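# Per-entry structural report
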Amino acid sequence: MSEKMTTSHEATAHDTVEAVIRGQLVKAFGGVRGTIEAAVPTIAFTGMWIGTSDLKLSLIVSIAAAVVLLAVRLLQRSTPQFVLNSLVGIGVGAFFASRTGAAQDVFLPGILYNAGYSVVMLLSIVTRWPVVGFLIGSVTGDPTAWRSDPAVVKLCVKLTWLLMIPCVVRVAVQLPVYLIGRDEAVAELGILKIVMGWPLQIAGLAAMVWLLTRGRTPVKAAVS
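Keep in mind the model is a prediction, meaning the values are calculated, not measured.

Thresholds applied
Along each chain, numbering runs from 1 in the same order as the chain's sequence is written. Restriction of local features to residues with pLDDT of at least 70 applies here, the model being predicted, together with a cutoff of 80 or more for giving and counting side-chain atom pairs; totals for whole chains, interfaces and linings are based on all residues. Excluding hydrogens and water, the side-chain values take into account all heavy atoms of the structure. Under the scheme used here, helices are H or I runs from DSSP no shorter than 4 residues and strands are E runs no shorter than 2 residues, and both carry numbers assigned from the N terminus. Exposed residues in this analysis have more than 50% of their type's maximum accessible area, buried residues have under 20%, and partly exposed residues fall in between, with area computed by a 1.4 Å probe over protein chains only. Contacts are assigned to residue pairs with any non-hydrogen atoms lying within 4.5 Å of each other. Only the protein chains shown count as cover for residues, and the accessible areas themselves come from Shrake-Rupley with a 1.4 Å probe. We call a set of buried Ala, Val, Leu, Ile, Met, Phe, Trp, Tyr and Cys residues a nonpolar core when their side-chain atoms join them within 4.5 Å. Salt bridge, as used here: a side-chain nitrogen of Lys or Arg that lies within 4 Å of a carboxyl oxygen of Asp or Glu. For every element, the axis is a line fit to its C-alpha atoms; helices are fit only across the contacting stretch, and the angle between N-to-C directions ranges from 0 to 180 degrees. Between 65 and 115 degrees an angle is taken as roughly perpendicular, under 35 as roughly parallel, over 145 as roughly antiparallel, and anywhere else as oblique. It is the rotation of the near helix from the far one that decides the hand of a crossing: anticlockwise by less than a right angle makes it left-handed, clockwise makes it right-handed. Charged residues are taken to be Asp, Glu, Lys and Arg, nonpolar residues to be Ala, Val, Leu, Ile, Met, Phe, Trp, Tyr, Cys and Pro, and polar residues to be all remaining types, Gly included. Side-chain rings of Phe, Tyr and Trp (the six-membered ring for Trp) are treated as a pair once their centres are within 6.5 Å; stacked means planes under 30 degrees apart, edge-to-face means over 60, and tilted covers the remaining angles. Geometrically, a lysine NZ or arginine CZ counts as sitting over a ring once it is within 6 Å of the ring centre and also within 35 degrees of the ring normal.

Scanning the protein chain from terminus to terminus reveals 11 helices and 0 strands. Of the regular secondary structure in the protein chain, the N- to C-terminal order runs α-α-α-α-α-α-α-α-α-α-α. Counting all 224 residues of the protein chain, 41% fall into the buried class. Expressed as a percentage of contacts within the protein chain between residues at least 6 apart in sequence, the contacts between residues at least 24 apart total 72%. Accessible surface, the protein chain: about 11800 Å² in total, of which carbon and sulfur atoms supply 69%.

Right, here's the structure in full:
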């Protein structure tokens, strides 16, 4: 089955744009298991650092935890996407920290990622090309047809704001702690990353789902 036929089939499986976006959001966030897998390396690093203050050992334990999760995924023949994302994240953080010797630099890539993601989403809103709109395009097979319907564009702008807010909050809280606290703030940064990770993500997703339940925009209107 070709990619175009597959996306067309997915589009017809949903009656409304809201249903399409809900389905794509569930895939993007990875569900409960994907969320837990993303948090495990950070929990392992933070716990080891609090207990030992040994940067090298903490990095080894956190990377090992991600590798174990990846091995489980592969053995179960399930998608390793979210574990790989977690492994790449902790790997980049480990590279930063090993280069500088500063344990708090493990968290710098995450802060920069959230800042960059916020800027991209804000620009997409300002230019009226909200990133959430491309979730519709990924299903319908036409990445830009949704822009022909002002109602769909307006909906996607609102959803993109809701997607962006958690990223902005993370940067606003974590960056000052990183800049001021230095090595003494490693435990705080680890706790903040965990607390502001999946809880904020779930809160943002819940707000998006609530908004999506309030409308019934026909899929055909977005792809015609």
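Next comes the rest of the write-up.
This next bit is on the nonpolar core. In this structure, V132 and L159 are the most contacted members of the largest nonpolar core, which totals 17 residues. Among the elements of the structure, α6 (108-126), α8 (150-181) and α10 (198-212) are those that each provide at least two residues to this core. The dominant element in this core, judged by the number of residues it contributes, is α8, at 9 residues. Grouped together as the second largest cluster of nonpolar side chains are 15 residues, W49, L59, Y178 and L189 included.

For the rest of this paragraph, the subject is the pattern of salt bridges. Following the criterion strictly, the structure yields 1 salt bridge and no others. With its nearest N and O atoms 2.9 Å apart, the salt bridge here joins E37 to R73. Of the two residues, E37 is situated in helix α3 (residues 31-52) and R73 in helix α4 (residues 55-75); the sequence distance between them amounts to 36 residues. We classify E37 as buried; its relative accessible area is 4%. A residue is classified by how much of its surface remains accessible, and R73, at 6% relative accessible area, is buried.

This paragraph deals with the packing of α4 against helix α5 (residues 81-100). Two elements in contact, α4 and α5, have axes separated by 9 Å at closest approach and are oriented at 165°. Taken together, the axes of α4 and α5 lie roughly antiparallel to each other. Here α4 runs over α5; the crossing is left-handed. Residues L55, L59, S62, I63, A66, V67, L69, L70 and R73 of α4 lie in contact with α5, whose contacting residues are V83, L84, L87, I90, A94 and A97. Residues that form the contact of α4 with α5 fall into these classes: 13 nonpolar, 1 polar and 1 charged.

Turning to the packing of α8 against helix α9 (residues 186-195), a few remarks are in order. Between α8 and α9, the shortest axis-to-axis distance is 10 Å and the interhelical angle comes to 170°. Here α8 is positioned roughly antiparallel relative to α9, judged by the angle of their axes. Contact residues: α8 offers V173, Q174, V177 and Y178, while α9 offers E188, L189, L192 and K193. A breakdown of the residues in the contact of α8 with α9 according to their chemical character gives 5 nonpolar, 1 polar and 2 charged.

Across residues other than glycine, the phi torsion is negative in most instances, and most of the peptide bonds are trans. Its identity as a non-glycine residue notwithstanding, R77 has a phi of 55°, on the positive side. Mapped onto the secondary structure, R77 falls in the loop between α4 and α5.

Attention now goes to the packing of aromatic side chains. Enumeration according to the criterion identifies 6 aromatic pairs in this entry. Here the aromatic rings of W129 and W146 are separated by 6.1 Å at their centres, their planes lie at 85°, and the arrangement is edge-to-face. Remark: W146 occurs in the loop between α7 (133-140) and α8 and W129 occurs in the loop between α6 and α7; sequence separation between them is 17 residues. Looking at W129, the relative accessible area reads 33%, which means it is partly exposed. Taking the centre distance of 5.5 Å and the plane angle of 80° together, the rings of F134 and W146 count as edge-to-face. Taken together, the residues span a long stretch of sequence, with F134 in helix α7 and W146 in the loop between α7 and α8 at a distance of 12 residues. Of the residues examined, W146 reaches a relative accessible area of 0% and is grouped as buried. An aromatic cluster of at least three residues, connected via ring pairs, comprises W129, F134 and W146. Taking NZ or CZ as reference, R147 lies 4.0 Å from the ring centre of W129, over its face.

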